[in-house]
Amino acid sequence: MNIFQDVKKIDDKYDVISASKMNSLNPINSYILAKKDAEGKFRVVNKAIINIGQKEPLLSFHNINFDSRNKLSKRIWDVITISNEWLDKNGSEIVLDPDYYHIGG
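Keep in mind the model is a prediction, meaning the values are calculated, not measured.

A. How the structure looks around the pattern of salt bridges. One pass over the structure, following the stated rule, counts three salt bridges. For the salt bridge of R75 with D78, the shortest nitrogen-to-oxygen distance reads 3.8 Å. With a gap of three residues between them, R75 and D78 both fall in helix 3 (residues 69–89), about one helical turn apart. Overlapping salt bridges bring together K74, R75 and D78 as one network.

B. Region of interest: the sheet that holds strand 4 (residues 42–49). One open sheet holds the three strands; their spatial order is 2-3-4, and the pairing between them is antiparallel. Among the strands making up the open sheet, the edge pair consists of strand 2 (14–18) and strand 4. Averaged over all pairs of adjacent strands, the angle between strand axes in this sheet comes to 25°, irrespective of strand direction. In the sheet, strand 2 pairs with strand 3 (residues 30–36) via five bridges, with the strands oriented antiparallel. Directly across from Y14, in strand 3, lies its bridge partner K35.

C. Representation of the packing of aromatic side chains in the model. Summed over the entire model, instances satisfying the criterion amount to zero aromatic pairs. Geometry around F61 places K9 over its ring, the cationic atom sitting 5.0 Å from the centre. The lysine or arginine in question, R69, covers the ring of F66, its NZ or CZ lying 3.8 Å from the ring centre.

Rules used in this analysis
Residues numbered from 1 in each chain as written. Predicted model: local features only at pLDDT ≥ 70, side-chain atom pairs only at ≥ 80, totals over all residues. Heavy atoms only, no water. Salt bridge = Lys/Arg side-chain N within 4 Å of Asp/Glu carboxyl O. Helix = DSSP H or I, 4+ residues; strand = E, 2+ residues; numbered from the N terminus. Pairing = 2+ DSSP bridges. Axes fitted to C-alpha atoms, helices over the stretch in contact; angles between N-to-C directions. Phe/Tyr/Trp six-rings, centres within 6.5 Å; stacked < 30°, edge-to-face > 60°. Lys NZ or Arg CZ within 6 Å of the ring centre and 35° of its normal.

This is the structure in structure tokens:
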């Protein structure tokens, strides 16, 4: 059983854009989540390195299966626990490489 149910509704206020097509210095599997503003222009909301086959599932609404709520809650708790352990071992820091993404010129 899947944790999420796809409700087959796509949010047209968002788009997933290939960051490597914007700038060849970006990794081939890097993407930008953009949201359309009131003027119809897209603004960057988030970025990620992921392997995707189709972008539609990323833009679709999903419901949580009621029977899977405990499983999902456990996974979320596991992420929080692991993150806290990481922070304890690394001086309360998560260091990201600022040179990894290149957007624009």
